[in-house]
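So you can see what is in the structure, the chains are spelled out below.
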Amino acid sequence: MVTVKVPATSANLGPGFDTLGLALALYDELQVSVRDEPGATVEVIGVGAGEVPTDESNLVVRAIAHTFEAVGHPLPGLELVARNNIPHGRGMGSSGAAIVSGIMAAKGLLDGIVEFDAQRLLALANDMEGHPDNVAPALFGGLTIAWVTPEGPRFKKLIVHRGVSPLVLVPEHVMSTALARSLQPQSVPHEDAVFNVSRSALLVAALIQSPELLHAATEDKLHQSYRASAMPETDRLITLLRENGFAAVVSGAGPSILVLCSDPSQRLAAAELVAQKSETRWQPLMLAVDFKGATVTATAERQSDTPAA
Ligand code: HSE
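Heads up: these notes are all about the structure in this document. (Residues numbered from 1 in each chain as written. Predicted model: local features only at pLDDT ≥ 70, side-chain atom pairs only at ≥ 80, totals over all residues. Heavy atoms only, no water.)

With that settled, consider the packing of aromatic side chains. The tally for this structure, following the rule as stated, stands at one aromatic pair. Centre to centre, the rings of Phe140 and Phe155 are 3.9 Å apart; their planes meet at 5°, and the pair counts as stacked. Placement of Phe140 in helix H4 (residues 135–140) and of Phe155 in strand S6 (residues 152–158) is noted, with a sequence separation of 15 residues between them. Phe140 sits in the buried class, given a relative accessible area of 12%. Of note, Lys5 hangs over the ring of Tyr27, and the distance from its end group to the ring centre comes to 4.4 Å. For Arg199, the ring lying beneath its charged end belongs to Phe195, and the centroid distance is 3.7 Å. (Phe/Tyr/Trp six-rings, centres within 6.5 Å; stacked < 30°, edge-to-face > 60°. Helix = DSSP H or I, 4+ residues; strand = E, 2+ residues; numbered from the N terminus. Buried < 20%, exposed > 50% of the residue type's maximum accessible area, 1.4 Å probe, protein only. Lys NZ or Arg CZ within 6 Å of the ring centre and 35° of its normal.)

Structure follows, in structure tokens:
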């Protein structure tokens, strides 16, 4: 049996559309055991229980199957137990985490039989997700810059400045990434492209070296305004936060908001402002940056939910 742990992620970070991502210390955990009977069963505990499929159509199972197929190895019968904490449909990388969970589980099950380097893991995850900005930090942790070449996706991992204190504001409603992507134009004005190139370059410096530049560095003209009509509460709260000096952006495709604070006290101030001024309910998650990324460990037998006496 293998046990996998995968962090939540926030992608885009404002200007870095489909490129920048940050791993956050909130985790989905998965146990996978091999059984004689073919097919797969899935038990979901926590987020998604009673909602996500529990057969072979489950995204984690599909990611395991995709990995076995990619390496030309027959898929064994599988029993999965998923303990989920990452909210679904909120822009916190839950689908990327499910895909990475499956790929890492397959890596663990094939240990000693197939070697997986970082580039191959990212390629497998990107095949399924379609863009690498969530799966790169989910796999490798920290801040990642991901880009796509004709030979496949690539990434660079960076360690963020220790002051950087992320706050994620999670609403009760969900947003579809496919819908958000459909709202974007095929082309953008050249000056908007230049605007985003400058801000995303600055954002890397702000995140690793100069957190005082986070507000200036998180401006965006490539995606947020086009998607704002589909998530008006998100748009209004980001405007309020930014007017008050906080570096607030849409987290991934939304509707959650990521506030990149330059220190923990600024994060408390942002959460207080939201509690006092927002018209709708937002769950504030004060999360550390995860520096490790996804892990997989071989376990002798399934852990019981009952603590040992
Ligand atoms: N870069 C992606 C988007 C992240 O904004 O559509 C969400 O999957």
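We now examine the site of the ligand. Neighbouring the ligand are the residues Ala11, Asn12, Phe17, Asp18, His131, Asp133, Asn134, Thr177, Arg181, Arg227, Gly252 and Ala253. Within the side chain of Asn12, a nitrogen or oxygen atom sits 2.8 Å from an oxygen atom of the ligand. Arg227 is positioned such that a nitrogen or oxygen atom in its side chain is 2.9 Å from an oxygen atom of the ligand. Contact with the protein chains hides 95% of the accessible area of the ligand, taken as 260 Å² for the molecule alone. Taken together, the residues of the shell around the ligand sort by class into three nonpolar, five polar and four charged. The two domains that each donate at least three residues to the shell around the ligand are domain 1 (2–159 + 290–307) and domain 2 (165–286). (Near = heavy atom within 4 Å. Polar contact = N/O pair within 3.5 Å; in protein donor to acceptor, adjacent residues only side chain to side chain. Areas by Shrake-Rupley, 256 points an atom, 1.4 Å probe, with all protein chains shown as cover. Nonpolar A, V, L, I, M, F, W, Y, C, P; charged D, E, K, R; others polar. Domains from an automatic or database assignment.)

Right, let's talk about the packing of helix H1 (residues 59–70) against helix H2 (residues 94–109) for a bit. Taken N-terminus to C-terminus, the directions of H1 and H2 make an angle of 45°; their axes are 7 Å apart at the nearest point. Our classification of the angle between H1 and H2 gives oblique. Considering how the two elements wind past one another, H1 and H2 form a crossing that is right-handed. Taken together, the residues of H2 that come into contact with H1 (itself represented by Leu59, Val60, Ala63, Ile64, Thr67 and Phe68) are Ser95, Ala98, Ile99, Ser101, Gly102, Ile103, Ala105, Ala106 and Leu109. Looking at side-chain class alone, the contact of H1 with H2 contains 11 nonpolar, four polar and no charged residues. (Axes fitted to C-alpha atoms, helices over the stretch in contact; angles between N-to-C directions. Parallel < 35°, antiparallel > 145°, perpendicular 65-115°, else oblique. Left-handed = near helix turned anticlockwise from the far one by under 90°. Contact = heavy atoms within 4.5 Å.)

Keep in mind these numbers describe shape, not what the thing actually does.
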